[in-house]
Amino acid sequence: MGTFRYTALSSRGDRVEGLLVGETEQAVLAELESRQLTPVKIEARAEASQSGRGVPVRLLGESYEQLADLLRAGVPLLRGLKLLGARRSRPRVGQVFSQLAQGVEKGSDLATAMNERPEVFAPVHVAMVRAGEKGGFLEEVLAQLGKLVVKQAELKAKVIGNMVYPMMLVVMGIGIGGVIFGVFVPKFRPMFDKMKGGLPFLTQVVFGASDAVTKYGFATAVLVAIAAIALLVALRKPGMKERLEVFKTRLPVIGPLIRGFATARLCRLLGTMLSNGVPMLAALQIAKDGAGNILMQRAVEDAAEAVKAGQHLAPPLVKSGLFDDDITEMISVGEAANNLDEVLVKIAETVESRLDRALGVAIRLIEPLLLVMLAGIVGIVAAALLLPLTKLSSSL
């Protein structure tokens with residue numbers, strides 16, 4: 001169903017404007033005639049930007065796979081799109097596929113209809129579907145695209161799921177710190193106000209942190225907000241963003257994970273597109289935008305220039321320093337054996353399995369580290385409060 005904006009004349013000659021929902025423009029014309037309105041102008045209202053928001057990536061991938069199954073069963077493309085659009089259990093995805101069906105029904109191909117909704121369909125999706133339509137193997141493309149999208153959604157969900165417990169520890173730590181510095185520490189201040197000889201340095205630091213939370217809480221919040229805004233503005237600058245990427249990729253534990261995720265995403269995107277008939281240069285350009293890492297994008301740009309000059313893909317990737325030696329060696333072998341698409345997909349699967357293990361190890365390291373930090377904060381506060389007490393007891 002689509003939304004159409006109409007301008008019509010009533011039986012009295014009055015000008016009437018409004019919106020109507022209908023499957024086609026002819027259906028809207030029939031509805032206007034039934035209301036005794038003479039249509040003057042009818043135009044489809046663009047709703048892609050609204051319907052595309054909030055479409056779950058996993059459901060989009062599953063829809064690709066279902067459409068591939070329908071095509072393999074002999075169902076025409078238009079009929080399959082309408083069936084997916086009529087699903088009441090998934091209204092958001094259904095509305096998107098209903099709009100695709102309307103575009104195909106008006107004579108455009110599926111890739112063109114998808115390209116008109118960039119907020120829903122990524123360029124890599126459009127490129128793969130266009131290659132499948134031109135090559136006559138659309139159902140295979142949709143099946144592989146569905147697997148690609150679902151796999152990426154599962155990987156993202158796994159990362160988020162593994163980070164739930166550490167984030168809970170961080171929230172608990174912030175809450176405990178607030179109670180300690182906002183409630184517990186201020187109760188000891190009257191005891192030490194008249195202490196001769198001054199307070200130990202550690203105690204002064206703890207009391208200063210307590211004052212920042214209690215007496216100057218509003219000013220502290222404003223300063224933190226200003227610092228956060230300044231940091232966001234600085235990170236938006238190209239130079240600063242690149243420095244941050246370099247810093248993150250060189251971190252001891254996080255760096256290999258960041259490089260691994262970017263490598264797996266790039267190899268799976270590139271391998272899937274190559275296996276579906278997308279030319280190498282076009283596939284590199286699209287995969288570059290989907291890499292999600294500035295340094296990786298630069299490495300792919302260098303690789304594209306090398307391929308354009310008739311050279312191999314592996315040497316520029318080796319030069320970037322972002323890929324492990326075994327990965328670049330496998331890419332070289334794939335180029336020599338003329339099965340680079342299969343090798344890239346295999347690399348993605350191998351890297352993802354490594355990341356699964358590495359992420360589990362990293363999470364197991366982060367959890368005790370956070371607990372040690374919480375214990376350290378409590379220990380510092382306890383020491384800061386005990387030092388003046390021992391000084392008082394010794395002076396008695």
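Below is a summary of the structure that appears in this document.

Turning our eyes to something else, we now look at the overall build of the protein chain. A count of helical and extended segments in the protein chain gives 19 helices and three strands. For 396 residues, the compact-globule estimate of 2.2 N^0.38 gives 21 Å, and the C-alpha radius of gyration of the protein chain, at 30 Å, exceeds that figure by more than 25%. With the principal axes as the frame, the protein chain shows a C-alpha extent of 100 × 75 × 35 Å. Per-residue burial for the protein chain yields a buried fraction of 37% across its 396 residues. Taking contacts inside the protein chain between residues at least 6 apart in sequence as the whole, the part at least 24 apart equals 62%. Within the structure as shown, the protein chain displays about 22,400 Å² of accessible surface, and the carbon and sulfur contribution to it stands at 61%. Of note, the protein chain has its 46 positive side-chain charges centred 10 Å away from the centre of its 38 negative side-chain charges.

Of all hydrophobic cores here, the largest spans 72 residues; its most connected members are Leu81, Leu110, Phe121, Met273 and Ile331. Those residues within four positions of Phe121 in sequence are excluded, and the remaining contacts are Leu60, Tyr64, Val96, Leu100, Met114 and Val126.

A word on the packing of helix H8 (residues 138-162) against helix H14 (residues 254-275). Taken N-terminus to C-terminus, the directions of H8 and H14 make an angle of 170°; their axes are 10 Å apart at the nearest point. Classed by the angle they form, the pair H8 and H14 counts as roughly antiparallel. Residues Gln144, Leu148, Lys151, Gln152, Leu155 and Val159 of H8 form the contact with H14, whose own contacting residues are Phe261, Arg265, Arg268, Leu269, Thr272 and Ser275. Looking at the contact of H8 with H14, its residues break down into five nonpolar, four polar and three charged.

As a further point, take helix H18 (residues 325-337). Under the 1.5 Å per step criterion, the end-to-end length of H18 is 18 Å for 13 residues, consistent within 8% with the ideal 18 Å. Asn338 lies just past H18 and shows a positive phi near 60°.

A few words on the packing of aromatic side chains. Scanning the model with the defined rule gives two aromatic pairs in all. Ring centres 6.4 Å apart and planes at 40° place the aromatic pair Tyr64 and Phe121 in the tilted group. On the criterion of sequence distance, the pair formed by Tyr64 in helix H3 (residues 57-72) and Phe121 in the loop between helix H6 (110-115) and helix H7 (123-135) is long-range, its members being 57 residues apart. Neither residue differs from the other here; Tyr64 and Phe121 are each classed as buried.

What counts, and where the lines are drawn
- Residues numbered from 1 in each chain as written.
- Predicted model: local features only at pLDDT ≥ 70, side-chain atom pairs only at ≥ 80, totals over all residues.
- Heavy atoms only, no water.
- Helix = DSSP H or I, 4+ residues; strand = E, 2+ residues; numbered from the N terminus.
- Rg over C-alpha atoms; globule rule 2.2 N^0.38 Å.
- Buried < 20%, exposed > 50% of the residue type's maximum accessible area, 1.4 Å probe, protein only.
- Contact = heavy atoms within 4.5 Å.
- Areas by Shrake-Rupley, 256 points an atom, 1.4 Å probe, with all protein chains shown as cover.
- Lys, Arg positive; Asp, Glu negative; His and termini not counted.
- Charge placed at Lys NZ, Arg CZ, Asp CG, Glu CD.
- Core = buried A, V, L, I, M, F, W, Y, C linked by side-chain atoms within 4.5 Å.
- Axes fitted to C-alpha atoms, helices over the stretch in contact; angles between N-to-C directions.
- Parallel < 35°, antiparallel > 145°, perpendicular 65-115°, else oblique.
- Nonpolar A, V, L, I, M, F, W, Y, C, P; charged D, E, K, R; others polar.
- Expected span 1.5 Å × (residues − 1).
- Phe/Tyr/Trp six-rings, centres within 6.5 Å; stacked < 30°, edge-to-face > 60°.

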